[in-house]
Structures are given as structure tokens and as C-alpha cells.
Amino acid sequence: MNKIDEIYTEFPYYGSPKITEAINRQGITVNHKAIERLMREMGIMAIFPKKNTSKANPLNIKYPYMLKGLTILRPNHVWSADITYVRAHGIWFYLVAILDWYSRYVLSWKLSPRMTVDFCIDALTDALAISKPDIHNSDQGSQFTSEDYTSVLLGKEIKISMDGRGRCFDNIFVERLWRSVKYEEVYLHDYQNYGEAKESLTKYFDTYNNRRLHQSLDYRTPAEVYFQK
């Protein structure tokens, strides 16, 4: 799973056959069925259109993608939410983040040992304590399509947008955030436990928001752009 995570982060368009070959090239013998099983367990797939990759939960409402052709010119126009894996010493945790598209500012994040909707709602609640967006975008994962999560958005009169299943780059800014988190933080450390991972990620996101210069933001920080400093 560590190798899958590293390869997928570098080549998010790789499916299980190419990931299997890349791992075999590193001297680890594994077949593609094992890789497919682990990728399903990790909830990842190659980011290009695929047919029947999974069945939607009929009990959860899916919302259309609203961002195609949309010009985003200010903070709080669009927020995105997404979940990724964070590896520790022999264990894995789940990391959710709420990101402002315009500024790349991470409004909130939560780390959890379990993939539940609760920690996603906690992250959303923290973000909404700062402000609220016109549009909230996410994938069609069960956490974000659950009534508990969407009811928070609807209660704030926030429009809900969801990526098409297997669509490439619908949530591109969050994908870029995860690449930064993995390469600049996670892969540089060997977290021993949940507390160590959370403490280190707290420092990283503070640096990311307040001190890390972004070329795409004219060498300003996300906080400077988000708060219009």
C-alpha cells in the first residue's frame, strides 16, 4: 500500500496494470489482482473516464458537477472537500481537507483512524465557522453524499457540486494539495502513531497556509490571498 500510494501520487493516471508493473520493476513480485484489491481498499482509481468502476449508493443523492467553464475570481466562490490516506508506522489514517479554490487556502482539515462521515462533518463545521462558499464541490464518496453531510450544506443554502465518477481533474486543486502534502510532509516522516502524525500535519498546514509561497498566486501565501492582505 505504501508503494501504491507513492506511485499513484506521482502518476495519478496509472491504473492497476501499470502500478503492478511499476512495483514489479522495484523487485517486489505481486500480481494485478492483489493491486486491484488494495486500490479498492484505499479508494483510489486512475483519474480518467472508466465504465462501471463502482455502483452508486441508491440511498444517497448525487448532485451534478457545476464547475465546468466556471471562472472563479474571489475567495469563497468554490470550496472543495476530499479525503486521502496518510501512512504511519504500519498503519494508515484518513485525512480530509476543505480547500478554497481561488486562494488554495486550507480552511480546515481533520485526521481520523476510521473512514466515517463524522470527521468530515467536523472539518466542514470548522470551515463554516470562518465563512461559507457559494458552491461546495466533492467527489461522490459516501461521506460527502450522506444526508448528514449534505444537510449541513443545504441548511446554509450552499450549492452542492459533485465530480463525475472517474472524471479527470474535476477536483484538480485538491489533487495538487495532496501531492504537496505527500511529497513535502508525509513521505519525509515515519509517523509512529496518530498523535505524532497529527502534530506534524498541524505544523505543515500552518506553514502551507501562512508561509509557503505559491507561484500560481504570484508568490503570495494562501492566507494572504484568502484574507485579501
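Preceding this section is the structure that the text describes.
None of these values were measured; they are calculated from a predicted model. (Residues numbered from 1 in each chain as written. Predicted model: local features only at pLDDT ≥ 70, side-chain atom pairs only at ≥ 80, totals over all residues. Heavy atoms only, no water.)

**Some points on a negative patch on the surface**
- A cluster of acidic residues, Asp118, Asp122, Glu147 and Asp148, forms a negative patch at the surface.
- Contributing elements (two or more residues each) for the negative patch: helix 4 (117-128) and helix 6 (147-155).
- Among the secondary structure elements, Asp122 is positioned in helix 4.
- A residue is classified by how much of its surface remains accessible, and Asp122, at 43% relative accessible area, is partly exposed. (Patch = residues over 30% accessible without salt bridge, like charges linked within 9 Å, V, L, I, M, F, W, Y side chains within 5 Å. Areas by Shrake-Rupley, 256 points an atom, 1.4 Å probe, with all protein chains shown as cover. Salt bridge = Lys/Arg side-chain N within 4 Å of Asp/Glu carboxyl O. Lys, Arg positive; Asp, Glu negative; His and termini not counted. Charge placed at Lys NZ, Arg CZ, Asp CG, Glu CD. Helix = DSSP H or I, 4+ residues; strand = E, 2+ residues; numbered from the N terminus. Buried < 20%, exposed > 50% of the residue type's maximum accessible area, 1.4 Å probe, protein only.)

**Remarks on the packing of aromatic side chains**
- Under the definition given, this model contains 13 aromatic pairs.
- Residues Phe93 and Tyr194 carry aromatic rings whose centres are separated by 5.4 Å and whose planes lie at 80° to one another, so their mutual orientation is edge-to-face. Taken together, the positions of Phe93 in strand 2 (residues 92-100) and Tyr194 in helix 8 (residues 194-210) put the pair 101 residues apart, joining distant regions of the chain.
- Tyr194 sits in the partly exposed class, given a relative accessible area of 29%.
- Pairing Tyr105 with Phe227 gives two aromatic rings, centres 5.3 Å apart and planes at 80°, and the pair type is edge-to-face. With Tyr105 in the loop between strand 2 and strand 3 (106-112) and Phe227 in the segment after helix 9 (222-226), this pair connects stretches of sequence that are 122 residues apart.
- We classify Tyr105 as buried; its relative accessible area is 11%.
- Site record: aromatic cluster; members linked through ring pairs are Trp109, Tyr204, Phe205 and Tyr208. (Phe/Tyr/Trp six-rings, centres within 6.5 Å; stacked < 30°, edge-to-face > 60°.)

**Some remarks on the nonpolar core**
- Core analysis: the largest hydrophobic core is formed by 38 residues, its most contacted members being Ile4, Ile19, Ile98 and Tyr149.
- When residues no more than four places from it in sequence are discounted, the contact partners of Ile19 are Ile4, Ile7, Tyr8, Tyr14, Ile35 and Met39.
- Counting residues in each nonpolar core, the second largest holds 28 residues, with Val78, Trp101, Leu177 and Tyr204 among its members. (Core = buried A, V, L, I, M, F, W, Y, C linked by side-chain atoms within 4.5 Å. Contact = heavy atoms within 4.5 Å.)

**Let's talk about the sheet that holds strand 4 (residues 135-138)**
- Strand order in the open sheet made by the five strands is 3-2-1-4-5, with mixed pairing throughout. Where the open sheet ends on each side, the last strands, each with one partner, are strand 3 and strand 5 (159-162). Each neighbouring strand pair of the sheet contributes to a mean axis angle of 20°, computed without reference to strand direction.
- Bridge analysis of strand 1 (residues 78-87) against strand 2 gives nine bridges, and the strand direction is antiparallel. In the sheet register, Tyr85 faces strand 2, and the bridge partner there is Tyr94. (Pairing = 2+ DSSP bridges. Axes fitted to C-alpha atoms, helices over the stretch in contact; angles between N-to-C directions.)

**Points about unusual backbone geometry**
- For Arg104, which is not a glycine, the phi torsion comes out positive at approximately 65°.
- Tracing the backbone through its elements, the reader meets Arg104 in the loop between strand 2 and strand 3.
- The phi dihedral of Gln228 is positive, around 55°, even though this residue is not glycine.
- Within the element layout of this structure, Gln228 appears in the segment after helix 9.
- Exposure remark for Gln228: the relative accessible area of 56% places this residue in the exposed category.

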